[in-house]
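Chains, contacts and geometry: an overview
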Number of protein chains: 2
Amino acid sequence: MADAVEPLKARRIYLLLRERILNGDLEPGSRLPGELSIAAGYGISRVTVRRALDTLASDGLIDRRPGSGTFVREGNSVQPIVADLSNVLSHLVEMGRRTGVRLLSFAYVNPPESVAASLGLEPGERTQRSIRVRLIDGAPFSYLVTHVPERIGVTYSEADLASTPLLGLLERSGVVVEEASQSIGATLAGPDVADALGLEIGSPLLSLTRVVWDPSGQGVEHLHALYRPDRYSFHMDLVRTGAVGARRWNPVAKPATAGPEPHKRIIKGPESPKPKSRPVRVSNQRRTST
Amino acid sequence: MADAVEPLKARRIYLLLRERILNGDLEPGSRLPGELSIAAGYGISRVTVRRALDTLASDGLIDRRPGSGTFVREGNSVQPIVADLSNVLSHLVEMGRRTGVRLLSFAYVNPPESVAASLGLEPGERTQRSIRVRLIDGAPFSYLVTHVPERIGVTYSEADLASTPLLGLLERSGVVVEEASQSIGATLAGPDVADALGLEIGSPLLSLTRVVWDPSGQGVEHLHALYRPDRYSFHMDLVRTGAVGARRWNPVAKPATAGPEPHKRIIKGPESPKPKSRPVRVSNQRRTST
DNA sequence: GTTACCTGTATACCCTATAATACATTTCGC
DNA sequence: GCGAAATGTATTATAGGGTATACAGGTAAC
């Protein structure tokens, strides 16, 4: 859609503004600051701002009304998939969405030191590394790099991996999966990831690193996942616990049973469209999310 | 440190490479691909790659050895603050780190529609909006925008906010805080945020949106937080629960009691340096994190 | 030694993205 | 109706970012 090549300064502004429009930070229907104000704000010339706006307009994200201003077009904020922090995707299937996996790479390698350390491998021990891309309704939303100790990896085939979730394969192989530890951050897309996820280099990404252990404390999987934040985000409900003076949040433990009931209360913020109805309390609904 | 102005394409490569070095994706001591390979990989010329490498070298992140190659200098990956998902910072204080807050803005406003909707406000109801920046050891790491319904906001002053955590003020005012819902995503830094956090425009950010309700289901706080991922990340421990065929992850509920014991097991991934020792199982230690 | 590959260095060119400026036209509030 | 402010349009000029190319010098593997 957008022109093949484009000025860089203009493109940066374009990307920034697009971000703010898509995640609802700039509210649909509202007016942007004037081109001159934007130019001043970013310290660039009006011509450059215009180029960015041109692209936005050709994307259908804004309406430009001469004499009046530039407006955010309605109905554009895209609702990302909301993942429970347990990061299980089966509810997507329940919701009738078509998911898919593309296996980009499958090999046995000498793992990076950081991976070896977190899995607790012996020096020189090799891992099976797979790179996969997950799709929802044909659109890629995550880029997954997993490392599994070689001796475990050999219990399933490349074809298995292309069709079955990794944890399922591990458990099928008799590995007992019990504990994991994960951390969430953010990064920029490099050329390979950008390509695989259909993004521009330099787009923001949610990053998740998870290490899974069996009951003996032996690492069985190291996952490094990158998510398109416009298509995927993490969600969790919290309750306030603890005594006065030491109060804190704790996650709400969710029942393992799953119902077909869809998410009803989605967090709103600068990052999602607004529901009209008043939010319902959590306890009044069963959250689905398995 | 870096030159004031810099080519844009070169700068993008610089930022990308810096990311990968700082979070350990490019391992300390390892050799980068040759300048020509990099150039080919990103589809740019060698001269441009060189400019990026020049900046990295002047940052002290790489060593360039003529005839041999370019190497990632050791000891550069910065450990981000690891926040528990309960997102409480008091453990930082326990660890003897100096934290601070800068209040950038304090005003009563007509909230964005998305905020009004998620708080369940009446049409036209105003909110108190504050913008704060949190510092650790003098370095900014988070940018917080909060909205509180006006009638609650008036129970504390601007000075209160500059010195006391918002939730504390709310509870002091008799508001009962019980439930919250939050989602985590990623974005790019705009000019204002970049400025406040000491970043470049276009840097990646962790984004957190949280809505807090009182027991009646009335929203009392809407928080939109942006974190520098190099200084802050979320961490959580999970256990595998549920019957076969419906197994899933659940967060480990942490005790409300806090001990001075520091984090011992940090997730390793492309995003943190490597410990030498084999990881210890979670259950063997008390995690601190209140 | 020889070869291959790497970084260091220099030059020259292109050309286009950006800025600066001016003016026309539309809309909206007063 | 008038004026302020917005977008649309056009022109020009320049800086400098990016490329291409060539060669020198160092290092390491064989």
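Heads up: the structure comes first, above all this text.
Report follows, based on the coordinates. (Residues numbered from 1 in each chain as written. Chains lettered and ligands numbered in written order. Predicted model: local features only at pLDDT ≥ 70, side-chain atom pairs only at ≥ 80, totals over all residues. Heavy atoms only, no water.)

Points about the pairing of strand 10 (residues 232–241) of chain B
- Of all 10 residues making up strand 10 of chain B, 8 are buried, and the element is well covered by its neighbours.
- Summarising the sheet, strand 7 (residues 179–188) of chain A and strand 10 of chain B pair through 6 bridges and their orientation is antiparallel. When the sheet's bridge partners are listed, A:Glu179 is paired in strand 10 of chain B with B:Val239. (Buried < 20%, exposed > 50% of the residue type's maximum accessible area, 1.4 Å probe, protein only. Helix = DSSP H or I, 4+ residues; strand = E, 2+ residues; numbered from the N terminus. Pairing = 2+ DSSP bridges.)

Let's talk about the pattern of salt bridges
Residue and element names in this part refer to chain B.
- Scanning the model with the defined rule gives 24 salt bridges over all chains in all.
- The salt bridge involving Arg50 is made with Glu35; its shortest N-O contact spans 3.3 Å. Of this pair, Arg50 sits in helix 3 (residues 46–58) while Glu35 sits in helix 2 (residues 35–42); the two residues are 15 residues apart in sequence, bridging distant segments of the chain.
- Overall, Arg50 belongs to the partly exposed group, its relative accessible area being 32%.
- The exposure class assigned to Glu35 is buried, which follows from its relative accessible area of 15%.
- Ionic pairing is found between Arg151 and Glu125, a salt bridge with its closest N-O pair at 2.5 Å. (Salt bridge = Lys/Arg side-chain N within 4 Å of Asp/Glu carboxyl O.)

Digging into helix 2 (residues 35–42) of chain A
- Buried within helix 2 of chain A are the following residues: A:Glu35, A:Ile38, A:Ala39 and A:Tyr42. Projected down its long axis, helix 2 of chain A shows its buried positions confined to an angular sector of 100°, all on one face. Exposed side chains of helix 2 of chain A directed beyond 90 degrees from the buried face belong to A:Leu36, A:Ala40 and A:Gly41.
- Elements that come into contact with the buried residues of helix 2 of chain A comprise helix 1 (8–22), helix 3 (46–58) and strand 1 (62–65) of chain A together with helix 9 (191–197) of chain B.
- Within two residues after helix 2 of chain A, A:Gly43 carries a phi angle of roughly 70°, on the positive side. (Arc of directions from axis to C-beta. Contact = heavy atoms within 4.5 Å.)

With respect to unusual backbone geometry
All names here are of chain A.
- With phi around 50°, Asp137 is a residue other than glycine that occupies positive phi space.
- Position of Asp137 relative to the elements: it lies in the loop between strand 5 (127–136) and strand 6 (139–149).
- Residue Asp137 is classed as partly exposed on the basis of its relative accessible area of 37%.

A few points about helix 3 of chain A
Residues and elements named next belong to chain A.
- The end-to-end C-alpha distance of helix 3, which contains 13 residues, comes to 18 Å, matching closely the 18 Å that a straight helix rising 1.5 Å per residue would cover.
- Every buried residue of helix 3 is listed here: Thr48, Val49, Ala52, Leu53, Thr55 and Leu56. Along the axis of helix 3, the buried residues cluster in a sector spanning 155°; they form a single face.
- For helix 3, the secondary structure elements touched by its buried residues are helix 1, helix 2, strand 1 and strand 2 (69–72).
- Downstream of helix 3 by a residue or two, Gly60 has a phi angle that is positive, lying close to 80°. (Expected span 1.5 Å × (residues − 1).)

Details of the packing of helix 2 of chain B against helix 3 of chain B
Residue and element names in this part refer to chain B.
- Interaxial distance between helix 2 and helix 3 falls to 8 Å at its minimum, and their mutual angle equals 110°. On the basis of their axis angle, the class for helix 2 and helix 3 is roughly perpendicular. Across the interface between the two elements, Glu35, Leu36, Ile38 and Ala39 from helix 2 touch Arg46, Val49, Arg50 and Leu53 from helix 3. (Axes fitted to C-alpha atoms, helices over the stretch in contact; angles between N-to-C directions. Parallel < 35°, antiparallel > 145°, perpendicular 65-115°, else oblique.)

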